[in-house]
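Listed below, chain by chain, are the residues.
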Amino acid sequence: SQQAFDADIARYGILALLFKADNGGTKTYRVQEQTISVYLGHESLPSISGEKAASQGANSEYVGKAVGWTLLTGPFAMFLWPATIAGSAAHTSAVNRRIEQHFESMHFNDAVLKPNQSAAGFLYFKLPAGVDKLQNLRIEATPSEEVTGERLSYKLLLPTLDLSGAVISPPVSQSSGGEP
């Protein structure tokens, strides 16, 4: 998340997954956000909007930076704090709006994929408190064929992820159904 969002949002309990759907088949499929689920072990992780992910994740990091700048004024903080806080609050509000727009612009949107088309974007999930390692993290997606509504089922077991950044084991995937 550091590269995409310029913040370590997992530290604030937000899991951002880059989801890409490719249709390599001959039929048209509908991929909707509500048909994509993420599980940590047996627990389903709640999906959250890009705006909420931004406010809980990246905005927290920038609030800390604003306070840091106020403290850096050193001995002048006693005299300059009203101006520093006011300027910092206005700047922080503008930055927060841009961050929320950035998260939303990168969000996965429902897609209808014709043959040889793809769609990608981030999906955001709330992590349980106190989790420092994501073990048995699983994504399940059930796209549907556009005409018949027939559902496909995909399950992807992700490698164990240390939230400090290390990947521990290789991924495993399973699919059932027809095409893509």
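Residues numbered from 1 in each chain as written. Predicted model: local features only at pLDDT ≥ 70, side-chain atom pairs only at ≥ 80, totals over all residues. Heavy atoms only, no water.

1. As for the sheet that holds strand β7 (residues 118-126)
On the basis of which strands lie adjacent, the open sheet formed by three strands has the order β1-β7-β5 and antiparallel pairing. This sheet does not close on itself; its edge strands, each paired only once, are β1 (14-22) and β5 (47-48). With nine bridges connecting them, β1 and β7 associate as antiparallel partners. Residue pairing for β7: A21 is matched across the bridge by A119. (Pairing = 2+ DSSP bridges. Helix = DSSP H or I, 4+ residues; strand = E, 2+ residues; numbered from the N terminus.)

2. Details of the packing of aromatic side chains
Ring pairs (aromatic) are described by centroid distance and by the angle formed between their planes. Summed over all chains, the structure comprises two aromatic pairs. With a centroid separation of 5.2 Å and 85° between ring planes, the pair formed by F19 and F108 is classed as edge-to-face. Highlighted residues: F19 in strand β1 and F108 in the loop between α4 (77-105) and β6 (111-113), separated in sequence by 89 residues. As far as the burial class goes, F19 and F108 line up, both buried. (Phe/Tyr/Trp six-rings, centres within 6.5 Å; stacked < 30°, edge-to-face > 60°. Buried < 20%, exposed > 50% of the residue type's maximum accessible area, 1.4 Å probe, protein only.)

3. Things to note about the environment of T148
For T148, the location among the structural elements is in the loop between β10 (144-145) and β11 (153-157). For T148, a relative accessible area of 59% puts it in the exposed group. Residues T148 and Y29, spaced 119 residues apart in sequence, show a C-alpha to C-alpha distance of 9.8 Å. There is a polar contact of 3.2 Å between the side chain of T148 and the backbone nitrogen of E150. (Polar contact = N/O pair within 3.5 Å; in protein donor to acceptor, adjacent residues only side chain to side chain.)

4. So, the side chain of S144
Within the fold, S144 resides in strand β10. A residue is classified by how much of its surface remains accessible, and S144, at 11% relative accessible area, is buried. In this structure, S144 is in contact with T28, Y29, R30, G149, E150 and R151, ignoring residues within four places of it in sequence. (Contact = heavy atoms within 4.5 Å.)

5. Quick look at the sheet that holds β10
The strands making up a sheet associate through backbone hydrogen bonding, with each pair oriented either parallel or antiparallel. Spatially, the three strands line up as an open sheet ordered β6-β2-β10, and their pairing is antiparallel. The open sheet terminates on both sides in strands that have one partner only, identified here as β6 and β10. As defined by bridge partners, strand β2 (residues 29-31) adjoins β10 across two bridges and the pair is classed as antiparallel. For Y29, the partnering residue across the bridge sits in β10 and is E145.

6. Examining the confidence of the model for the protein chain
Confidence along the protein chain averages 77 in pLDDT terms, with 65% of residues attaining 70 or more. Contacts from residues 66-73, a stretch scored under 50 in pLDDT, to residues over four places away or in other chains number six contacts. Overall, residues 166-173 carries pLDDT values under 50, and its contacts beyond four positions in sequence, including any with other chains, amount to 17 contacts. (pLDDT = per-residue confidence, 0-100.)

7. Some details on unusual backbone geometry
Across residues other than glycine, the phi torsion is negative in most instances, and most of the peptide bonds are trans. Unusually for a residue other than glycine, N116 sits at a positive phi of about 65°. In this structure, N116 sits in the loop between β6 and β7. Judged by relative accessible area, which is 69%, N116 ranks as exposed. Positive phi values are uncommon outside glycine, yet N136 reaches one of about 60°.

8. Digging into the pattern of salt bridges
A side chain with one charge can pair with a side chain of the opposite charge if their charged atoms come near. Taken as a whole, this structure holds three salt bridges when the rule is applied. In this structure, the salt-bridge partner of R30 is E146, at a minimum N-O distance of 3.0 Å. Highlighted residues: R30 in strand β2 and E146 in the loop between β10 and β11, separated in sequence by 116 residues. On the accessibility criterion, E146 (34% relative accessible area) is partly exposed. Between E140 and R138 there is a salt bridge, with the nearest N and O atoms lying 2.7 Å from each other. Under the relative-accessibility criterion, E140 is labelled buried at 19%. (Salt bridge = Lys/Arg side-chain N within 4 Å of Asp/Glu carboxyl O.)

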